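Structural features, examined
Listed here are the chains, written in short residue letters.
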Amino acid sequence: MRDLRELPKANLHLHLTGGMRHATLVELTAVHGMTVPPPLPMGEVQPWEAFQARYDARRAAIRGAEDIHRVITESIEDNLADGCTWLEIQVDPTSYAPLLGGYEPVVEVALDAMAGRPCGLIIASSWARSGAHATALAKVAARYTNVAGFGLSNDERRGDVADFAEAFRIATDAGLISVPHAGFFEEAWHVRACVDTLNARRIGHGITAMRDRDTVAYLAEKQVALEVCPTSYPPFGVASYESLPIRDLLDAGVPVALASDDPLLFGADVTAQYTIARDVIGLSDIELAAVAKHSIAVSTAPEDVKQRTADAIATWCAAVP
Ligand SMILES: [Zn+2]
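Conventions used here
Residues numbered from 1 in each chain as written. Predicted model: local features only at pLDDT ≥ 70, side-chain atom pairs only at ≥ 80, totals over all residues. Heavy atoms only, no water. UniProt positions renumbered as here; feature names shortened; annotations may be inferred. 1 Å grid on protein atoms, 1.4 Å probe; cavity = no way out; pocket = protein on both sides within 12 Å on 5 of 7 lines; lining within 4 Å. Points joined across faces, edges and corners; volume = space filled by probe spheres on them. Helix = DSSP H or I, 4+ residues; strand = E, 2+ residues; numbered from the N terminus. Nonpolar A, V, L, I, M, F, W, Y, C, P; charged D, E, K, R; others polar. Donors = N, O, S within 2.8 Å, 3.2 Å for Na, K, Ca; no water. Tetrahedral: all angles 85-135°; square planar, octahedral: opposite > 155°, others 65-115°. Salt bridge = Lys/Arg side-chain N within 4 Å of Asp/Glu carboxyl O. Buried < 20%, exposed > 50% of the residue type's maximum accessible area, 1.4 Å probe, protein only.

As recorded in an unreviewed UniProt entry, the protein chain goes by Aminodeoxyfutalosine deaminase and comes from Kibdelosporangium persicum. Looking at the protein chain in UniProt, the text filed under Sequence similarities (unreviewed entry) is "Belongs to the metallo-dependent hydrolases superfamily. Adenosine and AMP deaminases family."

Quick notes on the layout of surface pockets
When its volume is computed, the largest pocket comes out at roughly 520 Å³. As for the largest pocket, its lining consists of 32 residues, of which Gln-52, Tyr-55, Arg-59, Ser-153 and Asn-154 are closest to the centre. Ranked by residue count, the leading element in the lining of the largest pocket is helix α2 (residues 48-59), at six residues. Taken together, the residues that form the lining of the largest pocket break down as 12 nonpolar, 12 polar and eight charged. Volume-wise, the second largest pocket comes out at about 180 Å³. Contributing to the lining of the second largest pocket are 17 residues, with Asp-78, Asn-79, Asp-82, Pro-263 and Asp-269 lying nearest its centre. Counting only elements with at least two residues in the lining of the second largest pocket, the list comes to β1 (9-15), α3 (65-81) and α11 (263-266). Here the residues of the lining of the second largest pocket sort into six nonpolar, six polar and five charged.

A closer look at the coordination of the zinc ion
Taken together, His-13 (NE2), His-15 (NE2), His-181 (NE2) and Asp-261 (OD) make up the full set of protein donors to the zinc ion, lying 2.1 to 2.4 Å away. Its four donor atoms give the zinc ion angles of 87 to 174 degrees at the centre, a pattern that matches the irregular case. The sequence motif formed by the donor residues of the zinc ion is H-x1-H-x165-H-x79-D. Here His-15, found in strand β1, pairs with Asp-261, found in the loop between β9 (256-258) and α11; they are 246 residues apart in sequence, far enough to count as distant.

Observations regarding the pattern of salt bridges
With the rule as written, the count across this model stands at 17 salt bridges. Residue Arg-21 is joined to Glu-74 by a salt bridge in which the shortest nitrogen-to-oxygen separation is 3.8 Å. Residue Arg-21 is located in the loop between β1 and α1 (22-31), and its partner Glu-74 is located in helix α3; the two are separated by 53 residues in the primary sequence. Residue classification places Glu-74 among the buried residues on the basis of a relative accessible area of 11%. With a closest N to O distance of 3.2 Å, Arg-308 and Asp-304 form a salt bridge. Residue Arg-308 and its partner Asp-304 are both found in helix α14 (residues 303-318); the two are separated by four residues, about one turn of the helix. Given the relative accessible area of 46%, Asp-304 is considered partly exposed. Through salt bridges that share partners, Arg-21, Glu-27, Arg-70, Glu-74, Glu-77 and Asp-78 make up one connected network.

Right, here's the structure in full:
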């Protein structure tokens, strides 16, 4: 059996707080005089708000530029050790801006931590905040030539797609890739709306789209990728591992990238997502390699990184298991 940790791949869906090491959380909470927040209750379905409260409690341990820099640096190290040749980290500057004195210092410390590393920065607003807030963040993101993309995270049921059209127009006009979360709770129409209205080139999750044949065909036609994070779905009861039709998506021509989302909360790195795809969904090594190829192809990595990764995936496939 080939080693999935050695399969070269890109992790395209990873949040700043969610990528923090547990040991770092323990250390930062001690330094800042906080208690370590309780883990996510595993094996029981919970409302989004319960998850968000636990996420926010962890984010509160990140108190300044030094902490942001450290968490990103360690996240990059961990993903490289996990076989990633490229990763993209989503940062919503909103909660850190008061600590650092504005959005720009947050963007700059994140870019500084990523400089010279195989990592892209996605600036993300939130479905739970206004379109005007997203527009303000998009204007900041658009000023930096080395910001890779613009996203929207949190609970999509809390916002209207059309309210974010201006923000994404500003971001995409500046050359940023549009990568909103969509189709987690809302049905397939939501994914289509994000493609049509926000010019999405990749969708964070999009699991409801997988269940609608027409939307799958639409994604294939437009070559819009889905960032699928298997361990993110059972805690909310939105999908089981078995129900993720990754093989069908690949057969339909939809680019699929497996990603880790929030390993700090869900307890699983990107190799663990591939392991679920192998052990539970039954993907062959060749299919897993196809997913890895998609992950790097739809990334914002420089062309030389894409080429080297594609070559290394071919080498992984050629090795006799
Ligand atoms: Zn996410």
